[in-house]
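Below, each chain spelled out in residue letters.
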Amino acid sequence: MPEEPPLPVPADPAPPPPAPDPAVPAPGDFPPLPPPPPPPLSTARRVGGFLGGCIITCALGFVLAITVYGNTRQTASCGLVQLLYVVPAVFFLFRKGWRAWALGFLFGGAVVFLLASMCNNFNLH
């Protein structure tokens with residue numbers, strides 16, 4: 001029997017391709033678009049928030065003046081006591097993004113403070 005020729009030895013196989021990096025997008029892959037910004041508030045909603053903040057603050061100042069001070073002549077300190085609830089409310093409203101309401105609270109607080117000062121002949125003592 002004739003001798004068989006030796007089988008050819010295959011060359012070293014090519015190394016496998018590297019695994020794709022998940023942080024690098026493949027060609028044709030695009031990152032998702034960010035969501036669209038919310039639509040701006042209408043003028044009516046902004047005015048309504050401002051007026052609502054003014055009315056709530058003035059009503060709370062009136063209730064505070066009537067219940068705490070009654071008919072005494074020390075109503076000017078009512079405007080100062082009002083800082084206890086107006087300042088935290090304004091910070092909260094600005095943080096939540098309710099700018100019109102926060103500005104209404106500020107304006108209403110200023111009105112109550114000035115009216116309380118006038119009722120006491122501008123004497124803050």
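Residues numbered from 1 in each chain as written. Predicted model: local features only at pLDDT ≥ 70, side-chain atom pairs only at ≥ 80, totals over all residues. Heavy atoms only, no water.

Student: Would you take a moment to explain the overall build of the protein for this structure?
Tutor: Within the protein one finds four helices and zero strands. Along its sequence from the N terminus, the protein presents helices and strands in the succession α-α-α-α. Going through the 125 residues of the protein one by one, you find that 22% of them count as buried. Restricting to contacts in the protein with at least 6 residues of sequence separation, those with at least 24 account for 69%. (Helix = DSSP H or I, 4+ residues; strand = E, 2+ residues; numbered from the N terminus. Buried < 20%, exposed > 50% of the residue type's maximum accessible area, 1.4 Å probe, protein only. Contact = heavy atoms within 4.5 Å.)

Student: Mind showing me how you'd approach a nonpolar patch on the surface here?
Tutor: Nonpolar side chains collect at one region of the surface, where Ile56, Leu60, Phe92, Trp98 and Trp101 lie side by side and expose about 480 Å² of accessible area between them. Within the secondary structure, Ile56 sits in helix H1 (residues 43-69). For Ile56, a relative accessible area of 35% gives the class partly exposed. (Patch = residues over 30% accessible without salt bridge, like charges linked within 9 Å, V, L, I, M, F, W, Y side chains within 5 Å. Areas by Shrake-Rupley, 256 points an atom, 1.4 Å probe, with all protein chains shown as cover. Salt bridge = Lys/Arg side-chain N within 4 Å of Asp/Glu carboxyl O.)

Student: Just to check I follow, could you spell out the state of the cysteines for this structure?
Tutor: Structurally, a disulfide amounts to a covalent bond that connects the sulfur atoms of two cysteines. With the rule as written, the count across this model stands at zero disulfides. In this structure Cys54 is not part of a disulfide, and its nearest cysteine sulfur, from Cys58, lies 6.2 Å away. Overall, Cys58 belongs to the partly exposed group, its relative accessible area being 26%. (Disulfide = S-S within 2.5 Å.)

Student: What should I look at first to understand the nonpolar core in this one?
Tutor: Generally speaking, nonpolar side chains in soluble globular proteins are found buried as a group. Residues Val86, Ala89, Val90, Leu93, Ala102 and Phe105 constitute the largest nonpolar core, which totals six residues. Elements that contribute at least two residues to this core include exactly helix H3 (83-96) and helix H4 (99-119). A total of four residues in this core trace back to one element, the largest contributor, which is H3. If we skip the residues at most four places from it in the chain, Val90 touches Ala102, Phe105 and Leu106. (Core = buried A, V, L, I, M, F, W, Y, C linked by side-chain atoms within 4.5 Å.)

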